[in-house]
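Residues per chain, in single letters:
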Amino acid sequence: PYHYKVTVLSSEMNDLRFSVGSYVKYKVDGDEEYTQTDTLTDTCTPHFNHSRVIHIPMVTQETLDYFENSCITFLVYGCQADRADDTHLSHLSTKELRQKEETS
């Protein structure tokens, strides 16, 4: 048998509009459905701290081909909400937006 671990620690959104909610989805070889992290809200720097151990009962040539020629694609989703106060935030830098987020 063979095991490997997929870990999604965090992400960074560069637009405050996406702080409504964000999550990550991915598939590994053999998955029919996407694995999805929890949806985190009210932050531009979500810390998902998600991990999953994949168990392969028997390594075959197909398994080796997958590791040699394929990849895991991570889809990052940000739920967007336009806010009335967006216009006065548009001139702020990413650093200034993070500081504003930390103080609120």
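Everything numeric here is computed off the predicted structure, so don't read it as measured data.

J.: Honestly, the pattern of salt bridges in this entry has me stumped. Any pointers?
T.: One side chain can pair with another of opposite charge once the charged atoms of both are near each other. Overall, the coordinates contain 1 salt bridge when judged by the stated rule. Notably, a salt bridge pairs arginine 52 with aspartate 31, separated by 2.9 Å at the nearest N-O pair. Taken together, the residues arginine 52 in strand β4 (residues 47–56) and aspartate 31 in the loop between β2 (21–26) and β3 (35–36) connect sequence positions 21 residues apart.

J.: It is not clear to me how a negative patch on the surface should be interpreted in this structure. Could you clarify?
T.: On the surface, a cluster of negative charge is contributed by Asp29, Glu62, Asp65 and Glu68. Note that aspartate 65 resides in helix α1 (residues 61–69).

J.: I would appreciate a short explanation of the pairing of β2 in the present structure.
T.: Along a regular strand, successive side chains alternate from one face of the sheet to the other. Of all 6 residues in β2, 6 are buried; the element is thus mostly enclosed. Residues Gly21, Tyr23 and Lys25 line one face of β2 and the alternating positions Ser22, Val24 and Tyr26 line the opposite face, and both faces are buried. Where β2 meets strand β5 (residues 74–79), 6 bridges bridge the pair, whose relative direction is antiparallel. Bridge pairing in β5 places serine 22 opposite glycine 78. With 2 bridges joining them, β2 and β3 adopt antiparallel strand pairing. Bridge pairing links lysine 25 to glutamine 36 in β3.

The rules behind these values
Residues numbered from 1 in each chain as written. Predicted model: local features only at pLDDT ≥ 70, side-chain atom pairs only at ≥ 80, totals over all residues. Heavy atoms only, no water. Salt bridge = Lys/Arg side-chain N within 4 Å of Asp/Glu carboxyl O. Helix = DSSP H or I, 4+ residues; strand = E, 2+ residues; numbered from the N terminus. Patch = residues over 30% accessible without salt bridge, like charges linked within 9 Å, V, L, I, M, F, W, Y side chains within 5 Å. Areas by Shrake-Rupley, 256 points an atom, 1.4 Å probe, with all protein chains shown as cover. Lys, Arg positive; Asp, Glu negative; His and termini not counted. Charge placed at Lys NZ, Arg CZ, Asp CG, Glu CD. Buried < 20%, exposed > 50% of the residue type's maximum accessible area, 1.4 Å probe, protein only. Pairing = 2+ DSSP bridges.

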